[in-house]
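Inside the fold
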2 protein chains.
Amino acid sequence: MISKKNCEKEDTEELILKAARQVFVRKGYEGARMQEIADEAGINKALLHYYFRSKEKLFDKIFLEAFRNFWPSVKEELDRGKGTVKSLIKAAVISYTDLLMKMPFLPAFVIGEINRSPERMEDLLLATGINPRFVLDVIQKGIERGEVIPLEPRSLLINIVGLSLFPFISRPLLSRMFFESDEEYLKFLENRRTDLYEFICRSVLTEYQP
Amino acid sequence: MISKKNCEKEDTEELILKAARQVFVRKGYEGARMQEIADEAGINKALLHYYFRSKEKLFDKIFLEAFRNFWPSVKEELDRGKGTVKSLIKAAVISYTDLLMKMPFLPAFVIGEINRSPERMEDLLLATGINPRFVLDVIQKGIERGEVIPLEPRSLLINIVGLSLFPFISRPLLSRMFFESDEEYLKFLENRRTDLYEFICRSVLTEYQP
DNA sequence: CATACATTTGACCAGTTGGTTAAACCAAAT
DNA sequence: ATTTGGTTTAACCAACTGGTCAAATGTATG
């Protein structure tokens, strides 16, 4: 009864989730087909509904998970730093770039879905319990300390996140528009890790020498 | 034969296009329904297929149009300027903010669709004939002239576009996460017009005093 | 009025989609 | 060996979707 689940074969539930992740993230809710998820998982379509009652239920699980990943653990990296804005910028840019190198389709998926049904955001934000106040506090303290020029903390945070995500969100466009190949674009993204950090620091730190 | 079209009632073709724009841009290709477009236009569904043979044909028209709008006419504003990078940044930020204030759903739509079918990009870029080389040239000249610090021109361009678009792409999220209401968020976007310009200039111009 | 032609409609169709059901399967407990 | 209970499947269904078609409507021209 338990032996089968643990040893004989991979847990079916996890198998389904893996397949659903693949399909939903690449095609979105509307574009995804239950049959395709079943095929990807190598199981019968009816089994999907046995484990997760409906498409929406299954999707919600995947989306919530994606949304959580989407908010990378800047916090830990930040705690290791000195609580300066400089270290915040570095932590954020690096965390995001690392995350998105591993999961390049994540941001386009999340953004597509929050635009498809913005109503969900309320519940979603409550469910995840994510709140970025502590990041805003770090920036505010940085301003008071004179490390950062006076600015709207939310604005800086949005700039950091936007600059990190945008090249991944628009990859199919930017890659073809400005680069010879997708490999070359990948190299560009690698270099961007440090370029971006410097780009932001130059703009907002009162004293910055690379 | 002509009198009817011009005077008696609005051109049906334009009526359909307006409805299709509305529905496609908000729901994407997969989420849009031909019936909904017909309803929105106040006509029969069969009439859609009479004017535009298939959903894909109709969509292509809307998408190409959207993609063209998406590349705002920085060129004209730039020509009026002195060809400096400083004026390029101003022109780009202002053009984009103005455009997106009028058409806030445009970028999420375009980005969603280029991610759904990246293959199309090749044909699309050819069809629009858009090429940003002249913008890159302006930046390159700016570097040689010493106006701009040494950097990868493509990187700066991507930063400018990304910073301009991101707040609109992620509006449903950012608005709820950081602001009390959507109206407050709109005010933020208004102020951003100048904030963003200064943010970029501080980072890349060798000499910049606001 | 009658003809010719474009426009508009309601009814309809075939394929797809999410979801259901009853039966089969299978490992463990009796 | 039989029972039990969770797991898996093939077959099926109702609703929906893009698309078609023949008939109806309108409109300018002869």
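A quick note: this is a predicted structure, and the numbers were derived from the prediction, not measured. (Residues numbered from 1 in each chain as written. Chains lettered and ligands numbered in written order. Predicted model: local features only at pLDDT ≥ 70, side-chain atom pairs only at ≥ 80, totals over all residues. Heavy atoms only, no water.)

**Some details on the overall build of chain A**
Helix and strand counts for chain A come out as 13 helices and 0 strands. For chain A, the sequential pattern of α-helices and β-strands runs α-α-α-α-α-α-α-α-α-α-α-α-α. A fraction of 67% describes how many contacts in chain A between residues 6 or more apart in sequence connect residues 24 or more apart. Accessible area of chain A: about 10800 Å², with a carbon and sulfur share of 50%. For chain A, the centre of its 32 positive side-chain charges and the centre of its 32 negative side-chain charges are spaced 2 Å apart. (Helix = DSSP H or I, 4+ residues; strand = E, 2+ residues; numbered from the N terminus. Contact = heavy atoms within 4.5 Å. Areas by Shrake-Rupley, 256 points an atom, 1.4 Å probe, with all protein chains shown as cover. Lys, Arg positive; Asp, Glu negative; His and termini not counted. Charge placed at Lys NZ, Arg CZ, Asp CG, Glu CD.)

**Some details on the packing of aromatic side chains**
Residue and element names in this part refer to chain A. Following the criterion strictly, the structure yields 23 aromatic pairs over all chains and no others. Between the aromatic rings of F24 and Y29, the centroid separation amounts to 6.4 Å while the plane-to-plane angle is 5 degrees, which identifies the pairing as stacked. Judged by relative accessible area, which is 0%, F24 ranks as buried. Taking relative accessible area as the criterion, Y29 reaches 15% and is therefore assigned buried. Measuring from ring centre to ring centre gives 5.4 Å for Y50 and Y51, while their planes differ by 90 degrees; the resulting arrangement is edge-to-face. Overall, Y51 belongs to the partly exposed group, its relative accessible area being 32%. (Phe/Tyr/Trp six-rings, centres within 6.5 Å; stacked < 30°, edge-to-face > 60°. Buried < 20%, exposed > 50% of the residue type's maximum accessible area, 1.4 Å probe, protein only.)

**What about the interface of chain B and chain A?**
Quoted interface sizes are often the accessible area lost when the parts come together. Contacts between chain B and chain A engage 48 residues on the former and 48 residues on the latter. For the pair chain B and chain A, the summed buried area comes to about 4400 Å², and 72% of that belongs to carbon and sulfur atoms. In this structure, the connection of chain B to chain A is made through 4 salt bridges. Between R154 of chain B and E184 of chain A there is a salt bridge; the shortest N-O distance is 3.6 Å. Among the residues forming the side of chain B that touches chain A, the class breakdown is 32 nonpolar, 7 polar and 9 charged. (Buried area = accessible area lost by both parts, 1.4 Å probe. Salt bridge = Lys/Arg side-chain N within 4 Å of Asp/Glu carboxyl O. Nonpolar A, V, L, I, M, F, W, Y, C, P; charged D, E, K, R; others polar.)

**Structural notes on empty space enclosed by the protein**
This structure, assessed with the given rule, holds 4 cavities of 30 Å³ or more. The calculated volume of the largest cavity comes to roughly 90 Å³. Around the largest cavity, the lining comprises 13 residues; the ones closest to its centre are W71 and V161 of chain A together with F166, L173 and L174 of chain B. The set of elements that each furnish at least two residues to the lining of the largest cavity consists of α11 (153-169) of chain A together with α12 (171-178) of chain B. Estimated volume of the second largest cavity: approximately 70 Å³. F166, S170, L173, L174 and F178 of chain A together with F70, W71, L157, I158, V161 and L165 of chain B together form the lining of the second largest cavity. Mapped onto the lining of the second largest cavity, the elements with two or more residues apiece are α12 (171-178) of chain A together with α11 (153-169) of chain B. The leading source of residues in the lining of the second largest cavity is α11 of chain B, at 4 residues. (1 Å grid on protein atoms, 1.4 Å probe; cavity = no way out; pocket = protein on both sides within 12 Å on 5 of 7 lines; lining within 4 Å. Points joined across faces, edges and corners; volume = space filled by probe spheres on them.)

**With respect to α11 of chain B**
The α-helix advances 3.6 residues per turn, and as a result positions three or four apart in sequence lie on the same side. Residues and elements named next belong to chain B. Counted at 1.5 Å a residue, the expected span for α11 with its 17 residues is 24 Å, and the 24 Å between its end C-alpha atoms agrees. Of all the bends found along α11, the most pronounced is centred on L163 and spans about 30 degrees, while P167, a proline, follows it within four residues. Taking burial as the measure, the 17 residues of α11 include 17 buried ones, the bulk of the element. (Expected span 1.5 Å × (residues − 1). Bend = angle between axes of the 7 residues up to and from the residue.)

**Here's the deal with the relation of the copies chain B and chain A**
Between the two copies of the chain lies a relationship made up of a rotation around an axis and a movement along it. Note on the copies: chain B fits chain A at an RMSD of 0.1 Å, the axial shift is 0.0 Å, and the rotation between them is 180 degrees. Within this description, the copies of the chain are treated as partners about a two-fold rotation axis. When C-alpha positions in chain B are compared against the rotation axis, the closest is assigned to S203 of chain B, at 2.1 Å. (Least-squares fit on C-alpha atoms with pLDDT ≥ 70 in both.)

**A few points about the confidence of the model for chain A**
Looking at chain A, pLDDT values average 92 and 95% of them are 70 or higher. Confidence drops under a pLDDT of 50 for residues 1-8 of chain A, and excluding neighbours within four residues, the segment shows 3 contacts in the predicted structure. (pLDDT = per-residue confidence, 0-100.)

**Describing the layout of surface pockets**
Here the largest pocket defines a volume of roughly 830 Å³. Taken together, 40 residues form the lining of the largest pocket, with A108 of chain A together with G112, E113, N115 and R116 of chain B sitting closest to its centre. Put simply, the parts of the chain that give the lining of the largest pocket at least two residues each are α2 (12-31), α8 (106-116) and α12 of chain A together with α2 (12-31) and α8 (106-116) of chain B. A per-element tally of the lining of the largest pocket places α2 of chain A first, with 8 residues. Split into classes, the residues belonging to the lining of the largest pocket amount to 18 nonpolar, 9 polar and 13 charged.

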